Amino acid sequence: QQWVRITMVIKTDLCFFTECKVFPGHGIRYVRKDGKLLTFLNRKAFSLHMQRKKAQRLRWTLVWRRKHKATQKKTIKKRTKKTVKVVRAIAGLSLDDLKKRRDAKPAARRPKKEALIKAVKARKKTKDERKKTKKFQKPVAGFVKVPKARMKMRMNR
């Protein structure tokens, strides 16, 4: 059996001044003249807001930390191994042959390629000719497949 750990979901508000989490039963709620509900973490945050202090200028607030990029943790980059390309011999070909083939220029490769294409076309042509000659030949007398329905008719006679 696996035990599932169930965590309770707690609805938290964000402090209007510091942007820290305000848990249930904590903090101060203040309703402005325009009807907006403001939540503050503590009396200190509420007092500073009422004095019209800017949260961006106070180092301990999340607003200051975000502005000065102090919230990002300094992480050490892991060294990654660089992949090295290794050329291995293939069955039937040595490393020297592979290097020669790889370094060969397209102009040198073209005649071989054309010769291969001609050979393939010739094979295909002979194959097609064989098929044509088979079509015109008479079928050899021997076993002839008869549908089952006809077989039943013959059996009933």
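A brief look at the structure comes next. Computed from a predicted model, the values in this text were never measured in an experiment.

## Remarks on the side chain of Thr39
The residue Thr39 is located in strand S4 (residues 37-40) in this model. Setting aside anything within four residues of it in sequence, one finds Thr39 in contact with Asp13, Leu14, Cys15, Phe16, Val22, Ile28 and Arg29.

## Section: the pairing of strand S3 (residues 28-31)
Bridge count for S3 against S4 is 4 bridges, and the pairing is antiparallel. Paired with Tyr30 across the two strands is Leu38, which belongs to S4. Between S3 and S4, which pair antiparallel one after the other, the connecting turn spans 5 residues, and Gly35 there sits at a positive phi close to 95 degrees.

## A word on unusual backbone geometry
In this structure, Glu19 is a non-glycine residue whose phi angle is positive, near 65 degrees. Within the secondary structure, Glu19 sits in the loop between strand S1 (13-14) and strand S2 (21-22). The backbone of Arg52 sits at a positive phi, close to 60 degrees, despite the residue not being glycine. Along the chain, the position of Arg52 falls in the loop between helix H1 (43-50) and helix H2 (62-67).

## Structural notes on the pattern of salt bridges
Using the criterion set out here, one finds 4 salt bridges in the structure. For Arg29, the salt bridge goes to Asp13, with nearest N and O atoms at 2.5 Å. Pair noted here: Arg29 is in strand S3 and Asp13 is in strand S1, with a separation of 16 residues, a long-range link. The class for Arg29 is exposed, based on a relative accessible area of 54%. The partner of Arg32 in a salt bridge is Asp34, and the shortest N-O contact between them spans 3.4 Å. Judged by relative accessible area, Arg32 falls into the partly exposed class, the value being 29%. A residue is classified by how much of its surface remains accessible, and Asp34, at 57% relative accessible area, is exposed.

## Description of the nonpolar core
Of all hydrophobic cores here, the largest spans 9 residues; its members are Cys15, Phe17, Val22, Leu38, Phe40, Ala45, Leu48, Ala55 and Val63. Mapped by element, the contributors of at least two residues to this core are S4 and H1. Residues within four places of Phe17 in sequence aside, it is in contact with Phe40, Ala45, Leu48, His49, Lys53, Lys54, Ala55, Leu58, Thr61 and Val63.

## Concerning a nonpolar patch on the surface
Taken together, the side chains of Met8, Ile10 and Phe23 present a nonpolar region at the surface, about 350 Å² in accessible area. Note on placement: Met8 falls in the segment before S1.

## Concerning the layout of surface pockets
The volume enclosed by the largest pocket comes to roughly 190 Å³. Arg101, Ala104, Ala108, Arg109 and Lys112 together form the lining of the largest pocket. Of the residues forming the lining of the largest pocket, the biggest block, 3 residues, is contributed by helix H4 (residues 106-136). A class-by-class count of the residues in the lining of the largest pocket yields 2 nonpolar, no polar and 3 charged.

What counts and what doesn't
Residues numbered from 1 in each chain as written. Predicted model: local features only at pLDDT ≥ 70, side-chain atom pairs only at ≥ 80, totals over all residues. Heavy atoms only, no water. Helix = DSSP H or I, 4+ residues; strand = E, 2+ residues; numbered from the N terminus. Contact = heavy atoms within 4.5 Å. Pairing = 2+ DSSP bridges. Salt bridge = Lys/Arg side-chain N within 4 Å of Asp/Glu carboxyl O. Buried < 20%, exposed > 50% of the residue type's maximum accessible area, 1.4 Å probe, protein only. Core = buried A, V, L, I, M, F, W, Y, C linked by side-chain atoms within 4.5 Å. Patch = residues over 30% accessible without salt bridge, like charges linked within 9 Å, V, L, I, M, F, W, Y side chains within 5 Å. Areas by Shrake-Rupley, 256 points an atom, 1.4 Å probe, with all protein chains shown as cover. 1 Å grid on protein atoms, 1.4 Å probe; cavity = no way out; pocket = protein on both sides within 12 Å on 5 of 7 lines; lining within 4 Å. Points joined across faces, edges and corners; volume = space filled by probe spheres on them. Nonpolar A, V, L, I, M, F, W, Y, C, P; charged D, E, K, R; others polar.

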